[in-house]
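Architecture at a glance
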Amino acid sequence: MNYEDMLSDRVKVIKPSGIRKFFDLASQMEDVISLGVGEPDFTTPWAIREAAIYSIEKGRTFYTANQGLLELREEICRYYKRRFGVNYDPNDNCVVTVGGSEGIDIAIRAILNPGEEMIVLDPGYVAYTPGVELAGGIPIPIQLRHEDQFKLTPDLLKAAITPKTKAILINYPSNPTGGFMTKEDYERIVPIIKESGIIVLSDEIYAELSYEEEFCSIASFDEIKDQVIVVSGFSKAYAMTGWRLGYTLANKVLTKAMNKIHQYIIMSAPSPAQYGAIEGLKHCEDEVLKMRDSYRTRRNFLVKTFNEMGLETFKPQGAFYVFPCIKSTGLTSDEFCEKLLDDQKVACVPGTAFGPAGEGFIRVSYAYSIEELKVATIKIKQFIDKL
Ligand code: PMP
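Quick caveat: nothing in here was measured; it's all calculated off a predicted structure.

Reading across the sheet, the seven strands line up as E2-E8-E7-E6-E5-E3-E4 and stay open at both edges, with mixed pairing between neighbours. Strands at the two margins of the open sheet, each flanked by one partner only, are strand E2 (94-97) and strand E4 (138-143). Adjacent strand axes in the sheet meet at a mean angle of 20 degrees, parallel and antiparallel pairs treated alike. Here strand E7 (residues 228-233) runs beside strand E8 (residues 246-249); their pairing, made up of four bridges, is antiparallel. The residue bridging Val 230 from the neighbouring strand is Leu 249, located in E8. Each of E2, strand E6 (199-203), E7 and E8 is contacted by helix H9 (residues 252-265), which is oriented at about 30 degrees to E2, the strand it contacts most.

Next up, the structure:
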């Protein structure tokens, strides 16, 4: 039996992740310094771990409400109000999910019919296009521009919207570019979104990692708030990747629809993680700020160092990635990363892993200690100097 024939067409269509392909190469080598992974190097704050341990000691090991513990939803809504000025109701507007990943999946599946178009940003996080394809939708990429620091501009947005467009998926601060949308940037695109009536799925998982300006949530624009589904989570700001906890915030109808999918495929997010997250939202703001300061120092170091070695790198205002332009080397992104790995045992991710518009760039994560970043950049400089 050829089991390939047994696979669903939707699964067959999906391409393997470009990041995985590259890390399979790296994993076959010894002593590789990786700047490839988008995962905080910090341990989850102790107060969160303690609260989760306590919940297990007390035997709070059962399913929670499908939507998540009410206390956690209350804290999430308080947090969005306190930090970003957006009002949500814990019962009507919030679902606690298994990471932002599940949030993205249930949001897409709640709104897309087969054949409907969803705009995705290129370069963009690797899960978006497959997420749309798995829902039977058609991903329509917008190729963002380096000269705009990979922001979504009104001309690009207008050109991409067609009568078939159901939604757009945006992610600022961005993985992989570190691109950022200010309030003024959003003010330019909000009227287009309002007029078109499309849904905006806004992945705000890096909101807390904003280094210059305050993060602005697109949901804070009252005139389109009901069109917006916010997806976020605890992985990045609270260094909780393995806990698998995130959430969605949206209007009542969309929340009900997402919760319907969630209750059948998940039941409820892990309960110890939910107890930990309540503690995180209540008492760990200082720790989040400390991590952010550390990321900012690393970012400043990398931007300066890459520009000094001749790789043009704009200063990303958020997330924990820099996106140096490697066009001056005459190599493609893939060639650059493969040769760098071969020559210096340093792993970065080719920009093309995030879409064709990533050609000519590499993604470098600074979720690594400054010592590691120093060693890696010395090696990258040696590689460039030899070219
Ligand atoms: N969105 C973006 C942009 C990400 O970078 C990630 C993690 N790499 C996620 C969502 C998913 O995060 P999680 O499922 O751990 O919350």
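The structure having been displayed, the exposition proceeds.
A word on the domain arrangement of the protein. As far as domains go, the protein holds domain 1 (3-44 + 286-386) and domain 2 (46-284). For domain 1 and domain 2, the distance between their C-alpha centres works out to 24 Å. Of the residues lining the interface, 39 residues belong to domain 1; the matching set on domain 2 comes to 43 residues. Counting the surface lost from both domain 1 and domain 2, the interface buries some 3600 Å², and carbon and sulfur atoms represent 59% of this. Taken as a group, Thr 44, Phe 314 and Gln 317 account for 23% of the area that domain 1 buries against domain 2, more than any other trio of residues on that side. On inspection of domain 1 and its partner domain 2, the count reaches two salt bridges. Here Glu 212 makes a salt bridge to Arg 299, at a shortest N to O gap of 2.9 Å. Here domain 1 and domain 2 share 21 residue pairs in polar contact (both at pLDDT 80 or more) between them. Of all the secondary-structure elements, those providing two or more residues to the side of domain 1 that touches domain 2 are helix H1 (9-13), helix H11 (285-308) and strand E9 (321-322). Counting residues per element, the side of domain 1 that touches domain 2 draws most heavily on H11, at eight residues.

Applying the stated rule across the entire model yields 20 salt bridges. The salt bridge involving Glu 75 is made with Arg 78; its shortest N-O contact spans 2.7 Å. Within this pair, Glu 75 and its partner Arg 78 are both found in helix H4 (residues 70-84), separated by three residues, close to a single helical turn. Judged by its relative accessible area of 6%, Glu 75 falls in the buried class. The partly exposed category is assigned to Arg 78, whose relative accessible area is 45%. Between Lys 183 and Glu 187 there is a salt bridge, and its shortest N-O distance comes to 3.4 Å. Of the two residues, Lys 183 and Glu 187 both sit in helix H8 (residues 183-196), four residues apart, roughly one turn of that helix. A residue is classified by how much of its surface remains accessible, and Lys 183, at 45% relative accessible area, is partly exposed. In this structure Glu 187 comes out as partly exposed when scored by relative accessible area, which is 40%.

Our next topic: H11. The end-to-end C-alpha distance of H11, which contains 24 residues, comes to 35 Å, matching closely the 34 Å that a straight helix rising 1.5 Å per residue would cover. Looking at H11, one finds that the buried residues are Val 288, Met 291, Arg 292, Tyr 295, Arg 298, Arg 299, Leu 302, Val 303, Thr 305 and Phe 306. Those residues of H11 hidden inside the fold are in contact with H4, E9, strand E12 (362-365) and helix H13 (370-386). Taken from the residues just after H11, Gly 310 is the one with a positive phi, measuring 95 degrees.

About the cut-offs
- Residues numbered from 1 in each chain as written.
- Predicted model: local features only at pLDDT ≥ 70, side-chain atom pairs only at ≥ 80, totals over all residues.
- Heavy atoms only, no water.
- Pairing = 2+ DSSP bridges.
- Helix = DSSP H or I, 4+ residues; strand = E, 2+ residues; numbered from the N terminus.
- Axes fitted to C-alpha atoms, helices over the stretch in contact; angles between N-to-C directions.
- Contact = heavy atoms within 4.5 Å.
- Domains from an automatic or database assignment.
- Buried area = accessible area lost by both parts, 1.4 Å probe.
- Salt bridge = Lys/Arg side-chain N within 4 Å of Asp/Glu carboxyl O.
- Polar contact = N/O pair within 3.5 Å; in protein donor to acceptor, adjacent residues only side chain to side chain.
- Buried < 20%, exposed > 50% of the residue type's maximum accessible area, 1.4 Å probe, protein only.
- Expected span 1.5 Å × (residues − 1).

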